[in-house]
Amino acid sequence: VDDLALFARVRSLLRLKKVMDELRQRQASGRAMGAIQDESEELRVSAGAKILVIDEPGRAAERLVRRLEVDHRPRLETDPRQAARAAQSAWDLVIIDMAAEGFDGMRLAARLLSDEATRNTPILAIIDPTERKLMAKALDIGVHDIITPPIDTHELSARVTTLVRRKRYTDYLRTSLDNSLELAVTDQLTGLHNRRFMAQQLRDLLATAKEDGESLAVFITDIDHFKAINDSFGHDVGDTVLKEFAERLSLNVRAIDTACRYGGEEFVVIMPGAGVDEARRIAERLRQAARETPFRHGETEADVSATVSVGVAVLEADDDADTLLKRADEALYAAKSGGRDKVVVADRQPKAA
């Protein structure tokens, strides 16, 4: 056993294990919350992988590609610049011949491992068995595995299968984590952000607004007589109205605004940089969008007519997130008590003596 190569492989595997352990731990937490489903059978399949082979022109490279074509979809690149560009696409594996004379394979591998678009793509390096230090260096910079010429077909197949399966599994874990994080901050009925996300976003935007001396507005809107809609048409129709109203809400606020479902039939919109006039105008546009077009549903031929009330509050010097929301809620209550289907702007806080 070559100690130098052995220790380099151990360090490489330990780094990989840390990453995999963390991903699996987060996956277990997501599965416990019901946000991540069990892995599919497809993760055990390694055939049909997209493999980028980077080598100098010659019979050895062509022979390698022919071997890979039996089970996979390889592509040969002999120009290092073109290869670096090609690697930006989605690949299951990149194979680099470190003995190629036309380019510096080690530098190319380091570039791919440091680039955000390619850092998660596994690299299999072809290294001469006498190049012990090169093997250790390649593994230490992050190359995932090495193979030495003359290349045995069965060994090549085994190493490629292992790397491809590992790549697809880590991709699955990362995607599952992304989805679980999205589920954690998304209201499942409407697709808008939920109350938890809204609370954190409001605190962050409020702190930024105060620090930069910018304005910030919030409005709370509520579907009028929503209980009557549920009682008359059923909860399924009520859910349809909520989903369609969420779509209208998203279409009638600005791209930089954050629309959230606050709970039940209440929704909150956070508007960074908006003053009283702009916030009132956006709220009024939403009110009209709800009033002018009935909500369609598939349960009966009749459409459901509904209006909304809106309470608007603009950030004052003494506001924190809770008091800003409370003033918007008080304005919403005033709109409800004043006959509904209204936009009411909260009064300014009295200045401290």
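Scroll up to find the structure.
Description of the structure in this document.

Procedures and definitions
- Residues numbered from 1 in each chain as written.
- Predicted model: local features only at pLDDT ≥ 70, side-chain atom pairs only at ≥ 80, totals over all residues.
- Heavy atoms only, no water.
- Axes fitted to C-alpha atoms, helices over the stretch in contact; angles between N-to-C directions.
- Helix = DSSP H or I, 4+ residues; strand = E, 2+ residues; numbered from the N terminus.
- Parallel < 35°, antiparallel > 145°, perpendicular 65-115°, else oblique.
- Left-handed = near helix turned anticlockwise from the far one by under 90°.
- Contact = heavy atoms within 4.5 Å.
- Nonpolar A, V, L, I, M, F, W, Y, C, P; charged D, E, K, R; others polar.
- Buried < 20%, exposed > 50% of the residue type's maximum accessible area, 1.4 Å probe, protein only.
- Pairing = 2+ DSSP bridges.
- Right-handed = clockwise from strand over helix to strand, strands pointing away.
- Core = buried A, V, L, I, M, F, W, Y, C linked by side-chain atoms within 4.5 Å.

So, on to the packing of helix H4 (residues 105-114) against helix H5 (residues 132-141). The contact between H4 and H5 brings their axes to 10 Å, and the two run at 15°. Considering their axes alone, H4 and H5 lie roughly parallel with respect to each other. Every pair of crossing elements has a handedness; the one defined by H4 and H5 is right-handed. Between H4, through Met106, Ala109, Ala110 and Leu113, and H5, the contact on the second element is made entirely by Leu134, Lys137, Ala138 and Ile141. A class-by-class count of the residues in the contact of H4 with H5 yields seven nonpolar, no polar and one charged.

The subject of this paragraph is the pairing of strand S4 (residues 123-126). With burial as the criterion, each face of S4 is covered, one bearing Ile123 and Ala125 and the other bearing Leu124 and Ile126. Two elements, strand S3 (residues 93-97) and S4, share four bridges in a ladder whose sense is parallel. Across the sheet, Asp97 pairs through a bridge with Ile126, a residue of S4. Taking the sense of rotation as the criterion, the β-α-β connection linking S3, H4 and S4 turns out right-handed. Across three bridges, S4 lies against strand S5 (residues 145-147) in parallel orientation. Its bridge partner being in S5, Ala125 is matched across the sheet by Ile146. Chirality of the crossover, the property in question, places the unit of S4, H5 and S5 among those that are right-handed.

This part covers the side chain of Asp145. Mapping Asp145 onto the fold places it in strand S5. The exposure class assigned to Asp145 is buried, which follows from its relative accessible area of 10%.

Attention now moves to the pairing of strand S7 (residues 258-263). S7 sits mainly inside the fold: five of its six residues count as buried. The antiparallel pairing of S7 with strand S8 (residues 266-272) creates a hairpin that spans two residues between the two strands, and Gly264 there sits at a positive phi of about 60°.

Core analysis: the largest hydrophobic core is formed by 31 residues, its most contacted members being Phe219, Ile223, Val241, Phe245, Leu249, Phe267 and Met271. Here this core gets six residues from one element, more than from any other, and that element is helix H9 (residues 235-252). The next biggest cluster of nonpolar side chains, apart from the first, holds 27 residues, and it includes Met135, Leu139, Val143 and Ile146.

Next up on the list: the sheet that holds strand S10 (residues 343-345). With mixed pairing, five strands are arranged side by side in an open sheet as S7-S8-S6-S9-S10. Sheet topology places S7 and S10 at the edges, where each strand pairs with a single neighbour. On average, adjacent strands in this sheet sit at an angle of 20° to one another, irrespective of strand direction. Sheet analysis places strand S9 (residues 308-314) next to S10, joined by three bridges and oriented parallel. Bridging across to S10, Gly311 finds its partner in Val344.

Let's shift gears to the sheet that holds S4. Read across the open sheet, the five strands follow the order S2-S1-S3-S4-S5; overall the sheet is parallel. The sheet terminates laterally at strand S2 (73-77) and S5, the two strands that pair on one side only. Neighbour-to-neighbour, the strand axes of this sheet turn through a mean angle of 20°, independent of strand direction. Here four bridges tie strand S1 (residues 50-54) to S3, and the two strands are oriented parallel to one another. Across the sheet, Ile51 pairs through a bridge with Leu93, a residue of S3.

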